[in-house]
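# Topology and contacts: notes
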Amino acid sequence: MTWAFWKYYLDLTKFNLAISVLLAFVVGQSGGIFMFLTGGMGLSLIAYSFFHANEYCLYYNLGLTKLRLVLTSSIVNIGVAGLVGAILAI
């Protein structure tokens with residue numbers, strides 16, 4: 001994975017964490033982790049597309065399509081959520 005992917009992932013995760021943490025305060029930790037994996041990812045994609053739509057041209061010029069960015073980010077989120085869930089279960 002390139003530096004460009006990690007920049008995209010970190011920018012996307014900022015939105016996702018904000019959404020997920022707010023929900024975790026309302027529903028609980030498991031709800032926050034579930035939101036980080038599912039709805040938070042979708043909502044953060046919408047927010048990123050709204051605020052950073054022009055950056056997709058940069059990623060495309062670097063050889064990263066929007067579909068590849070989204071799928072790879074989802075896979076990384078599953079791994080991160082699994083680690084956080086395992087740590088909280090201890």
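Coordinates for the structure precede this section.
Residues numbered from 1 in each chain as written. Predicted model: local features only at pLDDT ≥ 70, side-chain atom pairs only at ≥ 80, totals over all residues. Heavy atoms only, no water.

Going through the model one piece at a time under the given rule, you end up with nine aromatic pairs. Centre to centre, the rings of Trp6 and Tyr9 are 5.9 Å apart; their planes meet at 85°, and the pair counts as edge-to-face. Highlighted residues: Trp6 and Tyr9, both in helix H1 (residues 3-27), separated by three residues, approximately one helical turn. Residues Tyr48 and Tyr56 carry aromatic rings whose centres are separated by 5.6 Å and whose planes lie at 80° to one another, so their mutual orientation is edge-to-face. An identical accessibility class is assigned to Tyr48 and Tyr56; each is buried. One aromatic cluster is present, formed by Tyr8, Tyr48, Tyr56 and Tyr59 through successive ring pairs. In this structure, Lys66 packs its charged tip against the face of Tyr56, placed 4.8 Å from the ring centre. (Phe/Tyr/Trp six-rings, centres within 6.5 Å; stacked < 30°, edge-to-face > 60°. Helix = DSSP H or I, 4+ residues; strand = E, 2+ residues; numbered from the N terminus. Buried < 20%, exposed > 50% of the residue type's maximum accessible area, 1.4 Å probe, protein only. Lys NZ or Arg CZ within 6 Å of the ring centre and 35° of its normal.)

Right, let's get into the packing of helix H2 (residues 29-37) against helix H3 (residues 39-51). It is the contact of H2 with H3, at a shortest axis distance of 3 Å, that shows an interaxial angle of 50°. Classified by the angle between their axes, H2 and H3 sit oblique to one another. Residues Met35, Phe36 and Leu37 of H2 pack against Gly39, Gly40, Met41 and Leu43 of H3. (Axes fitted to C-alpha atoms, helices over the stretch in contact; angles between N-to-C directions. Parallel < 35°, antiparallel > 145°, perpendicular 65-115°, else oblique. Contact = heavy atoms within 4.5 Å.)

Before going further, it helps to examine H1. Helix length check: H1, at 25 residues, gives a terminal C-alpha distance of 35 Å against a target of 36 Å (1.5 Å per residue), a fit within 8%. Within H1 the residues assigned to the buried category are Ala4, Phe5, Tyr8, Tyr9, Asp11, Leu12, Thr13, Asn16 and Ser20. Each element contacted by the buried residues of H1 is listed here: H2, H3, helix H4 (55-61) and helix H5 (66-89). Of the residues trailing H1, Gly28 is marked for its positive phi of about 135°. (Expected span 1.5 Å × (residues − 1).)

Another aspect to go through is the environment of Val26. Within the secondary structure, Val26 sits in helix H1. Taking the C-alpha atoms as reference points, Val26 and Asp11, separated by 15 residues in sequence, lie 24 Å from one another.

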